[in-house]
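Commentary on secondary and tertiary structure
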Amino acid sequence: MNGSNSDMIVVGGGVIGGAVAYYAAKAGLGVTLIDQPKRGRATSASAGGLWPLGESLGLGCGVIFYKAMLAKGAASAHDGPEPLPQCFTEFALQSNALFPDLAVALRDETGMDIEVEKSSLLFLMYDEGDESFARRIWDNPSVDRADLEWLTPEEVARDEPAATRDVRGALRFCTDDQVNPYKLADAFRAGARHYGAAIVTHTPVVGIDVAGGRVHAVRTRDGALPCRIVVNAAGAWAAEVGRMAGVEIPVHPVRGQIVCTETLPPTIRAGLSTADCYLTQKHHGEIVIGSTTEDVGFNAGVTPSAIRTLCKGAVRAVPALADVGVKRVWSGLRPGSPDELPILGPVDGVEGYLNAAGHFRTGILNAPLTGIVLTEIARGERPSYPVEPFLLARLHGMPAAMEPAAN
């Protein structure tokens, strides 16, 4: 590294940091992205589900999080997962709508295909509780009814022949698709470089210089890099980076374990969400099965019990998987926040410091709009989406952790 000035330094090279660097560099800002790859980065825990409705309404990983809270006595047995606020749903839908054009732009700029696939998400209803939860969504939709479809058991069998027949039906979220999360993160970084950003890898940030109430530089072991703006996109490690600037951010790691099958012929068409797990088949044939929600600190290991539970849930949903081999298992650390919403934008008292943190389960989905909004704030423009619901100030006085139960 050298001591030249940057308009913006992004700390963290996962999908959020890459998105901010990409959009900022594309807008003409001088950008340096500093990345220290760490085992368990949240991008590694993602199946790449673009599920704005499913996650907003408590499905995907959310239904598994709810079961963990229920087991701990912190949720009501009859309520089902709580929907996230409408401000989040609208943010997620707006970000999701960016992906088709983004895929074209990144292919033109980098030659990389991020594998956006129209698939939809099906919530399989096994029992009366599942059906009651789905019925509340169907009867009182907080989204466009045209984006929902109620399927009978016969229609589930028609659309998903490999799925279990032991269902009461399914609720389809028509806008909820998928992307390759690894290729998306790589393409964002390559796109940022295409527009002139400097990508500094395998380099830990050791300090942020703040004087007179504003950011002046980011320090690494190789020296200080002056800047006008620093963006904290450090994922599960955002609290550590925030403290370097004198900012306390209630972000904590939430482990998610994942199972990946061997390569299969086309088996499931949609993403499947159940009370036990979610499943999605990727472009090259593997089925990804996830995911636990565990409060175990920065432990990025895997456990036999969790893997067995995920596999059991997958076989319940798709019985033919009983005879399928597992290619690999792994985990990632999601950046959790107290209310499950991202923490975005400026903070009081430290000019030039911006958060892009706390995305929990939806970093892949919300990366494009996060990158755009942070770039607009950095340029002194009015954000495309109001950032007020996501400011750090909303969390003052809230506990740092959601306390999900460990599997």
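Residues numbered from 1 in each chain as written. Predicted model: local features only at pLDDT ≥ 70, side-chain atom pairs only at ≥ 80, totals over all residues. Heavy atoms only, no water.

1. Observations concerning the overall build of the protein
Within the protein, the regular secondary structure consists of 11 helices and 18 strands. Taking 407 residues into account, the globule formula puts the C-alpha radius of gyration at 22 Å, and the protein, at 21 Å, falls close to it. Projected onto its principal axes, the C-alpha positions of the protein cover 65 × 45 × 40 Å. A burial count over the protein gives 58% of its 407 residues as buried. Restricting the contact set of the protein to residue pairs at least 6 apart, pairs at least 24 apart contribute 75%. Looking at the protein as shown, the accessible area adds up to about 15,600 Å², and 51% of this sits on carbon and sulfur atoms. (Helix = DSSP H or I, 4+ residues; strand = E, 2+ residues; numbered from the N terminus. Rg over C-alpha atoms; globule rule 2.2 N^0.38 Å. Buried < 20%, exposed > 50% of the residue type's maximum accessible area, 1.4 Å probe, protein only. Contact = heavy atoms within 4.5 Å. Areas by Shrake-Rupley, 256 points an atom, 1.4 Å probe, with all protein chains shown as cover.)

2. Observations regarding the pairing of strand β2 (residues 31-34)
Alternating residues of β2 divide into V31 and L33 and T32 and I34, and every residue in both groups is buried. Sheet analysis places strand β1 (residues 6-11) next to β2, joined by four bridges and oriented parallel. Among the inter-strand pairings, V11 is bridged to a residue of β2, identified as I34. The parallel pair β1 and β2 is bridged by helix α1 (residues 15-26), and the resulting crossover is right-handed. Note: β2 against strand β8 (residues 198-200), three bridges, orientation parallel. Bridging across to β8, I34 finds its partner in V200. (Pairing = 2+ DSSP bridges. Right-handed = clockwise from strand over helix to strand, strands pointing away.)

3. Structural notes on the packing of aromatic side chains
Under the definition given, this model contains 11 aromatic pairs. With a centroid separation of 5.8 Å and an interplanar angle of 85 degrees, the aromatic rings of F123 and F133 are classed as edge-to-face. Of this pair, F123 sits in strand β4 (residues 121-125) while F133 sits in helix α6 (residues 128-139), and the two are 10 residues apart along the sequence. When sorted by exposure, F123 lands in the same class as F133, which is buried. One aromatic cluster in this structure is built from Y22, Y23, F188 and Y195. Lying over the aromatic face of W138, R145 brings its terminal NZ or CZ to 4.3 Å of the ring centre. Directly above the aromatic system of W330 lies the positively charged group of R328, at a separation of 3.9 Å from the ring centroid. (Phe/Tyr/Trp six-rings, centres within 6.5 Å; stacked < 30°, edge-to-face > 60°. Lys NZ or Arg CZ within 6 Å of the ring centre and 35° of its normal.)

4. Quick look at the sheet that holds strand β5 (residues 148-151)
Reading across from one edge, β5-β6-β4-β13-β14-β15-β12-β16 is the order of the eight strands in this open sheet, with mixed pairing throughout. Because the sheet does not close on itself, it has two edges, and the strands there are β5 and β16 (326-336). Between one strand axis and the next, the sheet turns by 20 degrees as a mean value, whatever way the strands run. Sheet analysis places β4 next to strand β6 (residues 169-173), joined by five bridges and oriented antiparallel. Pairing of L122 across the sheet is with R172, part of β6. Where helix α10 (residues 304-317) meets the sheet, it contacts β4, β12 (252-261), β14 (278-281), β15 (287-290) and β16, and its direction lies at approximately 55 degrees from that of β12. (Axes fitted to C-alpha atoms, helices over the stretch in contact; angles between N-to-C directions.)

5. A word on the packing of α1 against helix α5 (residues 99-110)
Running from N to C, α1 and α5 point in directions that differ by 75 degrees, and their axes come no closer than 14 Å. Between α1 and α5, the crossing angle belongs to the class labelled roughly perpendicular. Between α1 and α5, the residues in contact are Y22, Y23 and K26 and L102, A105, L106 and E109, respectively. For the contact of α1 with α5, the residue count by class is five nonpolar, no polar and two charged. (Parallel < 35°, antiparallel > 145°, perpendicular 65-115°, else oblique. Nonpolar A, V, L, I, M, F, W, Y, C, P; charged D, E, K, R; others polar.)

6. Regarding α5
With 12 residues, α5 extends 16 Å between its outermost C-alpha atoms, agreeing within 8% with the 16 Å of an ideal straight helix rising 1.5 Å per residue. By the burial criterion, the buried members of α5 are F99, L102, A103, A105, L106 and E109. (Expected span 1.5 Å × (residues − 1).)

7. Looking at unusual backbone geometry
Note the cis peptide between G290 and S291, where omega equals -15 degrees. Counting through the fold element by element, S291 comes out in the loop between β15 and α10. Positive phi values are uncommon outside glycine, yet S120 reaches one of about 75 degrees. Exposure remark for S120: the relative accessible area of 6% places this residue in the buried category. Here F360, not a glycine, exhibits a phi torsion of approximately 50 degrees, which is positive. Assignment of secondary structure puts F360 in the loop between β18 (353-357) and α11 (363-378).

From the geometry alone we can't say anything about function, so treat these as descriptive.
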